[in-house]
Protein chains: 2
Amino acid sequence: MKRTEIARIFADMEHFDGQDVTVCGWTRTIRDMKNFGFIELNDGSCFKSIQVVFEEGSLENYKEIAKQNVGAALIVQGKVVLTPQAKQPLEIKAASIQVEGPSAPEYPLQKKRHGVEFLRTVAHLRPRTNLFSAAFRVRSVAAFSIHEFFQNRGFVYVHTPIITASDCEGAGEMFRVTTLDPENAPRLENGQIDYSQDFFGKPASLTVSGQLNAENFAMAFGNVYTFGPTFRAENSNTQRHAAEFWMIEPEMAFCDLAGDMDVAEDMIKYVIRTVLERCPQEMDFFNSFVDKGLLERLQHVASADFGRVTYTEAVEILKQHNDKFDFKVEWGTDLQTEHERFLTEQVYKRPVFVTDYPKEIKAFYMRLNDDGKTVAATDCLVPGIGEIIGGSQREERLDVLEARIQELGMNPQDYWWYLDLRRYGSCKHAGFGLGFERMVMYLTGISNIRDVLPHPRTVGSADF
Amino acid sequence: MKRTEIARIFADMEHFDGQDVTVCGWTRTIRDMKNFGFIELNDGSCFKSIQVVFEEGSLENYKEIAKQNVGAALIVQGKVVLTPQAKQPLEIKAASIQVEGPSAPEYPLQKKRHGVEFLRTVAHLRPRTNLFSAAFRVRSVAAFSIHEFFQNRGFVYVHTPIITASDCEGAGEMFRVTTLDPENAPRLENGQIDYSQDFFGKPASLTVSGQLNAENFAMAFGNVYTFGPTFRAENSNTQRHAAEFWMIEPEMAFCDLAGDMDVAEDMIKYVIRTVLERCPQEMDFFNSFVDKGLLERLQHVASADFGRVTYTEAVEILKQHNDKFDFKVEWGTDLQTEHERFLTEQVYKRPVFVTDYPKEIKAFYMRLNDDGKTVAATDCLVPGIGEIIGGSQREERLDVLEARIQELGMNPQDYWWYLDLRRYGSCKHAGFGLGFERMVMYLTGISNIRDVLPHPRTVGSADF
């Protein structure tokens, strides 16, 4: 038996017309019309199922097949026939059907619409539904397109570490990683835990960002990017937060904030265009069943020039509309999602980079502007979601960076290697971070992060 | 200033001949010949450095430049001149040189060969050396080529979870992940830790394999693969073990062990060919300075048909040479590296798949063969290293799998969702795991896993 994937048949219908093929897949529906029947068979190679027609006259196990449940795995051998006058473009007339694995009547995914809440309880089965089949194929294509984008530009992919012993990334609460027996951890004489006996000889955590490590590599390769999992131990049970999620963090030497934004804009456009091109059926599905304006919005973003505005200018604009906001805007406050969406949706009607935020609301490593008050940071805001990317030019001046570390009460010794980069051939450089799940949500219109993660980890939940 | 990457100049020398360019990079060497000098400038865009010639007559800051230390970041503007009679194919005649960031005299990477042990203590700087520049570019190209290989075949990339609450993958010791305060963890009345107050409401760990999760997706998409970090908390301080490493785990529905081996063989060949093609300078470097037989060996593997032999046949062959081995071989024992290398290097003189191992030495999910004694497992052995891939056809029969789980004293309840896959449309399927670092070691000839990991995590070491 040589298996033919259903995607290949749909991709080259003329070629397969009249050909004998063997397809292997799972029944989405099965209809018994007494002496003939129809099966919608899906093999996961593409979004669409293929229609199989089976007849009592030509199938000796007709009765066995006719009583199969939804979800059964079948091996179908038969002839491809184009059906230009029918709803589906072709069908397979079965010469033989073999049950590879039956499905039980209590199969949780019956032929009806299930709520996403229920489907999260069967995360091992939900990729067999249209919604999740589309979501996770788009996720895969988007991930690859990000690799393509950076590799085609000569960026080096760096696997930055997941376990970190430096508690100093400062981007949120961290998970502890340990091999000590929690019931009976070794103690020092003063009663404290003896971390010298832990696996790494000191306390360790799960990373919240690969950026500082990526900078090490940018100072050697020029242009690098990360793409890996990151973690937040925050007790926030929202639609947009997960404890484990994937991030892309490019880092570019000899690059300033303007160059940083250029790359971010090009990347977003590349990912959108690639997904629209390679996943047309999935994107049509999302546009029809999840978010009616999706395709129009994405096509607009892919072709629009992104706006650029300083934080100070943005605050001036927003203050004129403070009556519309729950949180009133004034210089020095962080922008909330309501403000971000107002800017990108109402004022600019396209994506916009806000730049040069007050240093107090941004991270220590961002480059201090000449005004002494703001840093060369940028957030990219997109219609329908708000912030999708955060980036900055990094502080490359040793004395300024050391002063900032002191000012924030952090310990410069914890950053000895990061400071070394400023001692030996320091240079202007910049980078940004894209939360991958947020990008997939944006691409699909799916509003809950749990539904774009294959097996989501959130507060109180690490099933499967 | 529009920066030109050095890789572009080398890639299109005729085009750049006579052109004015601006290049930005770091000095690898600098030689002052009194009124002119030479700089080897490397910008990380390619392995090679470019030669910059600077003259006192045409450079007003000649003295400043001549006294720069190794590692300084420079911005060089000048004309490209082909030098067909010289050692290097071209050079840049500097019209201006600007010091972007000086380097200190104590810069650890001086112009001499440093040992890899020393370089591990400066992991933030070592990618600036030839060895690590080559290693980490090959790593990046190999990673991308794996994505290419699977995406071109329609495989869906799945991000399987890093944090897992199922303690049941059974592939080694695990790191605990927690947000409980270790100094003062909440306790139940009986004195045990109260994990209901931990982040996930129960004990959690770092994954040792994404396979079981990948199977969920293979039963929907047919062909899927993972590529992500995995963890082992084993206290083994060897050249081949790290606590954190990356794995590739494809999983294929309607695929048996023979098909599994076909994909593994094609993948290895694709990665080797891609790296040889895209990293010729790096591979020449490894062949000259790390492992003299490297190129020949890789070219052989990329073109040879891999052998296939059952474990039982392999044991018969090896037993005839038991006098050569520290560990004597007999049926039922696991093969050691010495046996694996003997088979692939002496007997087959090419890569070889060993199949159908005794069930006692393999994992619970591998498919039981009709003999009742062996399972449909395979290890792929390659000359120079031994095992590089382990795979198997998975047990798709619910009753056989449940019996095996019981037999091993494991709890079937822990596997409810994995068993569900056998209840609803089960099918023949197979997959394998490739340890990515082992592949990079094989590609580069580098013998210590610490030297192919950007920031290695091993027993007692999680620096940077």
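Look above for the structure.
All of these numbers come straight from a predicted model, not from anything done at the bench.

> Please explain the pattern of salt bridges as it appears in this structure.
Side chains bearing opposite charge may pair, as long as their charged atoms lie close to each other. Applying the stated criterion across every chain yields a total of 54 salt bridges over all chains. One salt bridge in this structure joins Glu265 of chain B and Lys269 of chain B, with 2.8 Å as the shortest N-O distance. On the criterion of helical spacing, the pair formed by Glu265 of chain B and Lys269 of chain B is a turn pair, its members being 4 residues apart in helix H7 (residues 257–278). By relative accessible area, which is 8% here, Glu265 of chain B ends up buried. Lys269 of chain B sits in the buried class, given a relative accessible area of 8%. A salt bridge links Arg308 of chain B to Glu265 of chain B, with the nearest nitrogen and oxygen atoms 4.0 Å apart. Taken together, the residues Arg308 of chain B in strand S12 (residues 307–310) and Glu265 of chain B in helix H7 connect sequence positions 43 residues apart. Salt bridges sharing partners connect three or more residues here, namely Asp262, Glu265, Lys269 and Arg308 of chain A.

> Would you take a moment to explain the packing of helix H7 (residues 257–278) of chain A against helix H9 (residues 294–303) of chain A for this structure?
Two packed helices can be described by the angle between their axes and the distance between those axes. All names here are of chain A. Following both chains from N to C, one finds H7 and H9 inclined at 135°, their axes separated by 9 Å at the closest point. In terms of axis orientation, H7 runs oblique to H9. Between H7 and H9 the crossing geometry is left-handed. From H7, Ile268, Lys269, Ile272, Arg273 and Leu276 reach across to H9, where they touch Leu295, Leu298, Gln299, Val301 and Ala302.

> Would you mind going over the interface of chain B and chain A with me for this structure?
One frequently used descriptor of interface size is the decrease in accessible area upon assembly of the parts. Counting residues at the interface gives 112 residues for chain B, matched by 112 residues for chain A. For the pair chain B and chain A, the summed buried surface comes to about 9,000 Å²; carbon and sulfur atoms form 61% of the total. When residues of chain B are sorted by the area they lose upon contact with chain A, His159, Phe254 and Tyr424 of chain B head the list and together hold 10% of the total. Put simply, chain B and chain A have 6 salt bridges between them. One salt bridge connects Glu100 of chain B with Lys428 of chain A, and the closest N-O pair in it is separated by 3.9 Å. The interface formed by chain B and chain A holds 47 residue pairs in polar contact (both at pLDDT 80 or more) in total. In terms of residue count, the dominant contributor to the side of chain B that touches chain A is helix H5 (residues 130–152) of chain B (11 residues). In terms of residue class, the side of chain B that touches chain A is made up of 57 nonpolar, 33 polar and 22 charged. The pairing of strand S8 (residues 176–178) of chain A with strand S8 (residues 176–178) of chain B spans 3 bridges and is antiparallel. Within the sheet, the bridge partner assigned to Arg176 of chain A lies in S8 of chain B and is Thr178 of chain B.

> Teacher, can you tell me more about the relation of the copies chain B and chain A here?
Between the two copies of the chain lies a relationship made up of a rotation around an axis and a movement along it. Under the fitted operation, chain B is carried onto chain A by 0.0 Å of movement along the axis and a turn of 180°, and the coordinates agree to an RMSD of 0.0 Å. This pairing of chains is accounted for by a two-fold axis. The rotation axis passes nearest to the C-alpha of Val177 of chain B in chain B, at a distance of 2.4 Å. Interface overlap between copies: 100% of the residues of chain B at the interface are likewise at the interface in chain A, consistent with a symmetric, same-surface contact.

> Where do I start with the sheet that holds strand S5 (residues 90–101) of chain A in this structure?
Either a parallel or an antiparallel arrangement is found when strands of a sheet pair, and the pairing is made through backbone hydrogen bonds. Residues and elements named next belong to chain A. Taken in spatial order, the 5 strands of this closed barrel run S1-S2-S3-S5-S4, and their pairing is mixed. The mean inter-strand angle of the sheet, taken between neighbouring strand axes irrespective of direction, is 55°. Summarising the sheet, strand S2 (residues 36–42) and strand S3 (residues 50–55) pair through 6 bridges and their orientation is antiparallel. Note that in S3 the partner of Phe36 across the bridge is Glu55.

Conventions we followed
Here, residues in each chain are numbered from 1, in the same order as that chain's written sequence. In the order they appear in the text, chains get letters beginning with A and ligands get numbers beginning with 1. Per-residue local features are limited, in this predicted model, to residues with pLDDT of at least 70; the limit for side-chain atom pairs, both in listing and counting, is 80 or more; totals at the level of whole chains, interfaces and linings are taken over all residues. Values reported for side chains reflect all heavy atoms of the structure, with hydrogen atoms and water molecules removed beforehand. What counts as a salt bridge is simple: a side-chain nitrogen of Lys or Arg found within 4 Å of a carboxyl oxygen of Asp or Glu. Segments assigned H or I by DSSP are reported as helices when at least four residues long, segments assigned E as strands when at least two residues long, and all are numbered from the N terminus. Classification of residues uses two cut-offs on accessible area relative to the type maximum, computed with a 1.4 Å probe and protein chains only: under 20% is buried, over 50% is exposed, and between them is partly exposed. In this analysis an axis means a line fitted to C-alpha atoms, helices contributing only their contacting stretch, and an angle means the value between N-to-C directions, from 0 to 180 degrees. The labels follow the angle: roughly parallel below 35 degrees, roughly antiparallel above 145, roughly perpendicular from 65 to 115, and oblique for the rest. When the near helix sits turned anticlockwise from the far one by under a right angle, the crossing is termed left-handed; a clockwise turn instead gives a right-handed crossing. The contact rule is simple, with two residues in contact once any of their heavy atoms fall within 4.5 Å. Summed over both partners, the accessible area (1.4 Å probe) lost when two parts come together is defined as the buried area. We define a polar contact as two N or O atoms separated by no more than 3.5 Å, with the added condition that, inside protein, one atom must be a possible hydrogen donor and the other a possible acceptor, whereas residues neighbouring each other in sequence contribute only through side-chain atom pairs. When residues are sorted by character, Ala, Val, Leu, Ile, Met, Phe, Trp, Tyr, Cys and Pro go into the nonpolar class, Asp, Glu, Lys and Arg into the charged class, and all the rest, Gly among them, into the polar class. For two strands to be treated as a pair, DSSP must find at least two bridges joining them. Only residues with pLDDT of at least 70 in both copies contribute their C-alpha atoms to the least-squares superposition of the copies.

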